[in-house]
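# An overview of the molecular structure
Below are the chains, spelled out letter by letter.
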Amino acid sequence: MRKLAVLAASLALCSAAFAAATKPAPKIDIATARTIALHAVPGKIIKEELETERGGSGLRYSFDIRAKGVVHEVGVDARDGKVLENSIDDGKD
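Residues numbered from 1 in each chain as written. Predicted model: local features only at pLDDT ≥ 70, side-chain atom pairs only at ≥ 80, totals over all residues. Heavy atoms only, no water.

Okay, the nonpolar core next. Listed in full, the 12 residues of the largest apolar core are I28, A33, A37, V41, L59, Y61, F63, I65, A67, V74, V76 and A78. Counting only elements with at least two residues in this core, the list comes to helix 2 (30-40), strand 2 (59-67) and strand 3 (70-77). By residue number, the principal contributor to this core is strand 2, which donates five residues. Sequence-distant contacts of A33, that is, excluding residues within four places in its chain, are made with I28, Y61, F63 and V76. (Core = buried A, V, L, I, M, F, W, Y, C linked by side-chain atoms within 4.5 Å. Buried < 20%, exposed > 50% of the residue type's maximum accessible area, 1.4 Å probe, protein only. Helix = DSSP H or I, 4+ residues; strand = E, 2+ residues; numbered from the N terminus. Contact = heavy atoms within 4.5 Å.)

If you want it as structure tokens, here you go:
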């Protein structure tokens, strides 16, 4: 039984390592993504992160931008720089 547990743990570690190794790398840097996001919604960036989500290449920069008292969420594809999302942030996530 112990051997089975060790085998299962080893498989889990290998799966996690493979997933990390196959995760797409950003082709554009965050400074370029900031410029793209601020072009879509001029304002002040109050939060930014690189995240894995559905849509586009699966890897995106997400920005919360305050403009005229309203917070907008702008998603920029980290591979090709396309704006994937431009919406008013409802604060639910």
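Note that D80 resides in the loop between strand 3 and strand 4 (83-88). Along the backbone, D80 and K27 are 53 residues apart, and their C-alpha atoms lie at a distance of 6.9 Å. Side-chain polar atoms of D80 contact the backbone nitrogen of K82, separated by 3.0 Å. (Polar contact = N/O pair within 3.5 Å; in protein donor to acceptor, adjacent residues only side chain to side chain.)

Our focus in this paragraph is the sheet that holds strand 2. With antiparallel pairing, four strands are arranged side by side in an open sheet as 1-2-3-4. The outermost strands of the open sheet, each flanked by one partner alone, are strand 1 (44-52) and strand 4. Ignoring strand direction, the axes of neighbouring strands in this sheet form an average angle of 15 degrees. Packing of helix 2 onto the sheet brings it into contact with strand 1, strand 2, strand 3 and strand 4, and relative to strand 2 it is tilted by some 45 degrees. (Pairing = 2+ DSSP bridges. Axes fitted to C-alpha atoms, helices over the stretch in contact; angles between N-to-C directions.)

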